[in-house]
Amino acid sequence: MTVSTSEGALLSSIDEHEIVSLTAALIDAGGENPGDTEEKTAKVLAEHCRALGFDVRTVEVAPGRPNVIVSIGSDERPGVLFVGHSDVVPAGTGWTTDPFSAVVRDGRIFGRGACDMKGGLAAVVAAMTAVHRAGLADEYPMTLACLVDEEDTGLGIRAFVAALPHPNYSCCVVAEPTDLVTIVGCRGAANLEIEVRGRSAHAGQPRNGANAISAAARIIGIIEGSQAELDANPDPDLGPATWNVGTITGGTGTSMVADRCVLTVDRRLVPGESAAGVVGDLRSRIESAGLTGGDIDVRIGIAMEMPGFLTSVNDGLVTTAAQSVLDTGSARSTDIWTASCDGGFVAQQMGIKTVVLGPGEIESQAHRPDESVAVQQLTDSARAYALIATRIAALPAL
């Protein structure tokens, strides 16, 4: 497929300066999660879109944490839903620039959230602006759901999918950083907290106690054994489910038997799995190993669960998205994702076919000092989003 004359006019109206300016303003607004709120970022986005004549709604999910829903066009026709988030991970140390004062240098824009995902938000707004200015909004409706708390517990997406009724969206594009590769699926994710309780005693007589750290170490061994089984039975599309022990805290002093230890664990889920099922299996393995009973007690809680999704590579949404990227001059490809995102909630709870597609490289650029994104990718993403929105409408119902 090649770009038609009318599409070419639409794409040429996308203004790189406007994208960079909005990206910078969103970066400067902050929104570290945890540690801050998304309120300033939401205000910048909402005010910018209202000035363009878009329909803007804000829905406060928690104090200072509003979802922003931006729409153009008639709600009588199914349109494309774009999903993004307004929070960023904490800046941390090691920066050579101020993480919340955007800098443009050597064709890149630097700042916390440049890649994940203030740039993606700005690219969606630029695509909506082009469609709106061309007078095509009623023919090609578009909605941007900019949600809070994606980087932590998902308060924003949970509130969004729970709010019924929803408009009749034809499909969903999550504007997370994928290096403009069309992501057709990702595993779900569950964050587990494993609390081990023992009995304290003097270290000179450790047998008088029950060491919670030692028990936790054995649980880690059980998890590692489970991983070997998962590796041997991967999902044919998404690969194996995975475990990762992220943190371990416990004990009160070197000369004391530890009476408490807590593990936080990431478990990536494949289709057919649930966090509850994973917890039940782990608990059974722990009991079979003889760890519980007596002076050792193990409690497993689910801190967060995020569903995954999978869209066929032959689906019209996937082929349209990949072709639209190609027609902007970028490489055309599809893949699955090792990360998780809000798209799983949209696909599972709203029943909408979903892909992830956006500017920036999540593994090499996001969640690190001197986070950045190429300005050219921001522009190419905006162009691809505009093409997707206009081309999807010509396809049979997805």
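The structure we're discussing is the one just above.
Residues numbered from 1 in each chain as written. Predicted model: local features only at pLDDT ≥ 70, side-chain atom pairs only at ≥ 80, totals over all residues. Heavy atoms only, no water.

Things to note about the pattern of salt bridges
Move 1: Evaluation of the coordinates by the stated rule reveals 16 salt bridges.
Move 2: Between Asp295 and Arg199 there is a salt bridge, with its nearest N and O atoms 2.0 Å apart. Placement of Asp295 in the loop between α7 (275-288) and β12 (297-306) and of Arg199 in the loop between β9 (188-197) and α6 (212-232) is noted, with a sequence separation of 96 residues between them.
Move 3: Exposure remark for Asp295: the relative accessible area of 43% places this residue in the partly exposed category.
Move 4: When the shortest N-O distance is used, the salt bridge between Arg391 and Asp327 registers 2.9 Å. Placement of Arg391 in helix α10 (residues 375-392) and of Asp327 in the loop between α8 (316-326) and β14 (334-337) is noted, with a sequence separation of 64 residues between them. (Salt bridge = Lys/Arg side-chain N within 4 Å of Asp/Glu carboxyl O. Helix = DSSP H or I, 4+ residues; strand = E, 2+ residues; numbered from the N terminus. Buried < 20%, exposed > 50% of the residue type's maximum accessible area, 1.4 Å probe, protein only.)

Thoughts on the packing of aromatic side chains
Move 1: Evaluated as defined, the whole model comprises one aromatic pair.
Move 2: Relative to Tyr385, the ring of Phe82 lies with its centre 5.2 Å away and its plane at 65°, an arrangement referred to as edge-to-face. Here Phe82 is found in strand β3 (residues 79-85), whereas its partner Tyr385 is found in helix α10, with 303 residues between them in sequence.
Move 3: Overall, the relative accessible area of 0% leaves Tyr385 in the buried class.
Move 4: In this structure, Arg105 packs its charged tip against the face of Phe110, placed 4.4 Å from the ring centre.
Move 5: Positioned above the aromatic ring of Trp243, the side-chain terminus of Arg267 is 5.0 Å from the ring centre. (Phe/Tyr/Trp six-rings, centres within 6.5 Å; stacked < 30°, edge-to-face > 60°. Lys NZ or Arg CZ within 6 Å of the ring centre and 35° of its normal.)

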